[in-house]
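For reference, the chains in residue letters:
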Amino acid sequence: MSKTIDAALLLALLALPAFTTAADLPAASFVTTTTQLPRDVRPTHYDLTITPDATALTFDGRAEISIEIRRPTRRITLNAADLQFSSASLMDSAGKRVLATPAIEIDKDKQTASFVLEKSAPAGRYRLALDYTGTIGTQAAGLFALDYPGSTGPRRALYTQFEAADARRVVPSWDEPAFRTSFSLTLHIAKGEMAVSNMPVAQTTELADGRQAVRFAPTPPMSTYLLFFAAGDFERRTMQVAGTEIGMITKRGSVGQADFALESSARVLREFNDYFGTPYPLPKLDNIAAPGSSQFFGAMENWGAILSFEELLLLDPSIATSRNKQRVFQVAAHEIAHQWFGNLVTMHWWDDLWLNEGFASWMEGRTTQKLHPEWNTALASVDTREWAMQRDALVTTHPVVQHIETVEQASQAFDSITYSKGEAVITMLEAYVGEEAWRKGVRRYLKKHAYGNTRSDDLWREIEAAAKQPVRAIAHEFTLQPGIPLITIGEPVCANGRSRMSLTQGEFTADRPDKKPLRWKVPVIASQAGAKEPVRLHVSRGKAQLDVPGCAPVIVNAGQTGYFRTLYSAKHFQSLAGVFGSLAPIDQLGLLSDTWALGRAGLQALPDYLDLALNAQANSDPQIWGYIARVFEELNAYYRDDKKRQARFQAFATRVLNPVLAQVGWAARPGEPDTVAILRNELIATLSALGDPAIIAEARRRHAAQSADPAAVPAALRTTILGVVARHATTADWDALRDAANNEKVALVRNRLFGLLASTEDKTLAQQALELALTAEPGETNSASMIARVSELHPELALDFALANHAEVLQKVETNSRSSYFPQLAFRSMNPATIDKLNAYAAKHVAADARRELETVIAEVTYRIKVFTERVPAVDAWLDRKRGS
């Protein structure tokens, strides 16, 4: 029997815009794009049939690819990885077979297949038909299987993940962003299963062998990395928004946990339709929840079919927190933003990946603050900037726009420079040109380049035209060169009711104090404490003068929209510390973060951070206390191998934080803000990390009492309380947690429990967690996560284990993450021997042009050692003075 799409959906499909095809792309820009493939042949349409065998973990494929041969050639080269071809034929536009079964040359290193013709084919349009087979993996790359506990026993579902260069593992294709092409897809799957792809189902037909053939409507032209399909025992819940059907797809029995994500997606889509001025162009937008995890990604923006791991999409009422709720909204905003920035308009090549990720990150933050102002997530922009600057201050940093040559380099480009610095630069430039001018420029850019590929200058050109300001010069300096401006503030001089001070631009680095600074034109916003109107200026050619009315302390980078560090004189800093409580919360956070970074770099006394923390008020914004707690936990980790010094710091830190927790309390109050609920969890976790015996005892008491008193462990605290128990676990505790994980029927909860097994301070139990990770017990995608979790407290132990079991661990890590996964295990190490181990690992396993992540970890480890040996002793001296006073 055949089941066709309903009338309303058919009308929606017929109303789709006339998409640009690959053949319509400008030839000049296409030819000049970076490529690993010849440009003499390009695809114009793919007609695909995929028949997966989920039990055998294999699939059969047939690809009929419409191509254009631009100049006579005997060789057609495309991307293919781990595919075995059984037949190939080439037909001309009239359907005449030009050649059957041409010679096939496979290059495994380049991941290409070349079809060699007996004689040269003239320029024109052809159809290349290929039959082939491939494998279904167990890690999230290409076509992969995820197993999970179902209501009647183990279940298996299939999903795809093609970014950055894994479409070639399923579809022989021109697997590069500039080859925008339309796709028609048919899946042969088991009867009763649901299939989903980028476009709606056009027709379902029963096959003679009992399976069903599910044919999807053709896609608009898009890059191969955006193609998606999945099949399994799913259920779907939908909502209509402005002619678009929004759907949440989960494994059966879980769709109710996606209700918040569904409602959030509807709100975000309405907002983006308005903001971008170009309505979402597809008839549907699904978000598919997958059990498991990945070392490479948490969610993927496939056009019309977002893939998210359950942790980022579902809210299980037994364990969900306010932080989980916020994260679900933020991920939805990020991935839906990609439907425009990344999908409707795609970068030419991976050099400009930030156009996708930096912009989506910025829209995520902007939209979360607008639609959920009660969360006050505007303060998170400081955390975003810090995440970027941590990497940007090291010798191994790179520009936002970076040159990419290889697949490994493309995978490593998904880092904090691309995401967080990209977002921070956009934040700064929007503040510079104004919200409306920025939005007008964005609209111009999307309208002009819809269904096309772009480079960064295409965006700057439209912003500059809309704003009528010289944006490109500033943008180039912040995206084409690496690094962080350092603005040093001269001593303020107050005369005649005005304060004047010099601003000098240098460069902030963590590990190159003698480096000659680069130059930036830096937009600066400054404000006196309590002032209503800020002062705006530029630091050009390294110098500027700031003149503000009044004689109160001046905060430079007021509002924290600038991407630079601010270094005040000692006297000026003390003045700001004295009015710390009266500063805007975002400026409190900015001052704290600059002080911590400058202190670690030796440009300011590290104990200045502790003085600022003491000036925070009990009623300060919860996110201020959350940041203070996180830095206390980081400083505590520096003392990991010196228990005597650590105990002294812990006594100070717990004295500061315990009164805040006493005010917040263990129990939620009716109507309390989500920010308070999040702080409660942060404080309990941090005080546990600081070894506070009362906190540890209370968590243990509640955990033991939950069977008789379920209210002892409310859902909002369950993960945190379990985390305390796991961190300080005895062998009996650890065994009980392992039993709970194995008996848990909810995949999302089960995965969290296995992660907690790897978070113990006890070295013997941590070793057991490592050994457990290489068994089948935790599940294929949990193994690498568990080893990484052990590395948070035991970096040397985790690294040694992974290197000793390299071949086994490698199979637990998806291809995109392999060059970065092993080095990242050492990120928190402060042992010089670790550097030698990483260098030896690189020489044996990592190509010379794929070592950026490894070299960054080495730079970070080197810096941590320097901070501990040269900066942390000042904290000890400060603690001595405080104890004696």
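Read on for a plain summary of the structure. (Residues numbered from 1 in each chain as written. Predicted model: local features only at pLDDT ≥ 70, side-chain atom pairs only at ≥ 80, totals over all residues. Heavy atoms only, no water.)

## Focus on the overall build of the protein chain
Along the protein chain, the regular secondary structure elements total 28 helices and 31 strands. Computed over the C-alpha atoms, the radius of gyration of the protein chain is 28 Å, within 12% of the 29 Å expected from 2.2 N^0.38 for a compact globule of 885 residues. Each principal axis of the C-alpha distribution contributes one length, and for the protein chain these read about 90 × 65 × 55 Å. Residues counted as buried form 60% of the 885 residues belonging to the protein chain. The long-range share in the protein chain, meaning contacts at least 24 apart out of those at least 6 apart in sequence, stands at 70%. (Helix = DSSP H or I, 4+ residues; strand = E, 2+ residues; numbered from the N terminus. Rg over C-alpha atoms; globule rule 2.2 N^0.38 Å. Buried < 20%, exposed > 50% of the residue type's maximum accessible area, 1.4 Å probe, protein only. Contact = heavy atoms within 4.5 Å.)

## Focus: unusual backbone geometry
The omega torsion across Glu163 and Ala164 is 5°, close enough to zero to call that bond cis. Here Ala164 shows up in the loop between strand 11 (153–161) and strand 12 (182–189). One non-glycine residue, Ala242, adopts positive backbone phi at about 50°. Mapped onto the secondary structure, Ala242 falls in the loop between strand 17 (234–241) and strand 18 (244–251).

## Concerning the side chain of Asp352
Relative to the helices and strands, Asp352 is located in the loop between strand 22 (345–347) and helix 5 (354–371). Although Asp352 is buried, it makes no salt bridge; Arg455 carries the closest opposite charge, 5.3 Å away. Asp352 has contacts with Met347, Val401, Arg455 and Ser456, leaving out every residue within four places of it along the chain. (Lys, Arg positive; Asp, Glu negative; His and termini not counted. Salt bridge = Lys/Arg side-chain N within 4 Å of Asp/Glu carboxyl O.)

## Some remarks on empty space enclosed by the protein
Within this structure, the stated rule accounts for two cavities of 30 Å³ or more. In this model, the largest cavity occupies a volume close to 70 Å³. Taken together, Gln36, Ala164, Ala165, Arg168, Asp175, Glu176, Trp349, Trp350, Thr406, Val407 and Ala410 make up the lining of the largest cavity. A breakdown of the residues in the lining of the largest cavity according to their chemical character gives six nonpolar, two polar and three charged. (1 Å grid on protein atoms, 1.4 Å probe; cavity = no way out; pocket = protein on both sides within 12 Å on 5 of 7 lines; lining within 4 Å. Points joined across faces, edges and corners; volume = space filled by probe spheres on them. Nonpolar A, V, L, I, M, F, W, Y, C, P; charged D, E, K, R; others polar.)

## Considerations on the packing of helix 4 (residues 322–338) against helix 5
Axis separation between helix 4 and helix 5 bottoms out at 8 Å; the angle between their running directions is 130°. Put simply, helix 4 runs oblique to helix 5. Helix 5 is crossed by helix 4, and the crossing has right-handed handedness. Facing Arg327, Phe329, Gln330, Ala333, His334, Ala337 and His338 of helix 4, the residues of helix 5 in contact are Asn356, Glu357, Ala360, Ser361, Met363, Glu364, Thr367, Thr368 and Leu371. Within the contact of helix 4 with helix 5, the residues separate by chemical class into six nonpolar, seven polar and three charged. (Axes fitted to C-alpha atoms, helices over the stretch in contact; angles between N-to-C directions. Parallel < 35°, antiparallel > 145°, perpendicular 65-115°, else oblique. Left-handed = near helix turned anticlockwise from the far one by under 90°.)

## What about the pairing of strand 21 (residues 305–309)?
Along strand 21, five of the five residues are buried, which leaves the element largely enclosed by surrounding structure. Residues Ala305, Leu307 and Phe309 of strand 21 are buried on one face, and the alternating residues Ile306 and Ser308, pointing to the opposite face, are buried as well. Pairing geometry for strand 19 (residues 284–290) and strand 21, over five bridges, is parallel. Within strand 21, the position partnered with Ala289 by the bridge is Ser308. In the sheet, strand 20 (residues 299–300) pairs with strand 21 via two bridges, with the strands oriented antiparallel. Directly across from Ala299, in strand 21, lies its bridge partner Ser308. (Pairing = 2+ DSSP bridges.)

## What to know about the packing of aromatic side chains
Counted by the stated rule, this structure contains 36 aromatic pairs. Considering the side-chain rings of Phe85 and Tyr132, the 6.0 Å spacing of their centres and the 50° angle between planes classify their relative orientation as tilted. Placement of Phe85 in strand 5 (residues 84–92) and of Tyr132 in strand 9 (residues 124–135) is noted, with a sequence separation of 47 residues between them. There is no split in this pair, since Phe85 and Tyr132 are both buried. Ring centres of Phe341 and Phe359 lie 3.6 Å apart, and the angle between their planes is 5°; this geometry places the pair in the stacked category. Residue Phe341 is found in the loop between helix 4 and strand 22, and its partner Phe359 is found in helix 5; the two are separated by 18 residues along the sequence. Owing to a relative accessible area of 1%, Phe359 belongs among the buried residues under this scheme. Among the aromatic residues, those joined into a cluster by ring pairs are Phe272, Tyr275, Phe276, Tyr280, Trp340, Phe341, Phe359, Trp362, Trp438 and Tyr445. If you follow Lys251 out to its NZ or CZ, it ends over the ring of Tyr148, 5.9 Å from the centre. (Phe/Tyr/Trp six-rings, centres within 6.5 Å; stacked < 30°, edge-to-face > 60°. Lys NZ or Arg CZ within 6 Å of the ring centre and 35° of its normal.)

## Some details on the pattern of salt bridges
Enumeration over the complete set of coordinates arrives at 59 salt bridges. The salt bridge involving Arg62 is made with Glu64; its shortest N-O contact spans 3.0 Å. Overall, Arg62 belongs to the partly exposed group, its relative accessible area being 31%. Here Asp259 and Arg237 are joined by a salt bridge, their closest N and O atoms 2.7 Å apart. Within this pair, whereas Asp259 is found in helix 3 (residues 259–276), its partner Arg237 is found in strand 17, the two being separated by 22 residues in sequence. With relative accessibility at 26%, the residue Asp259 sits in the partly exposed group. Beyond isolated ion pairs, a larger network of salt bridges with shared partners links Asp642, Arg645, Arg648, Asp876, Asp880 and Arg883.

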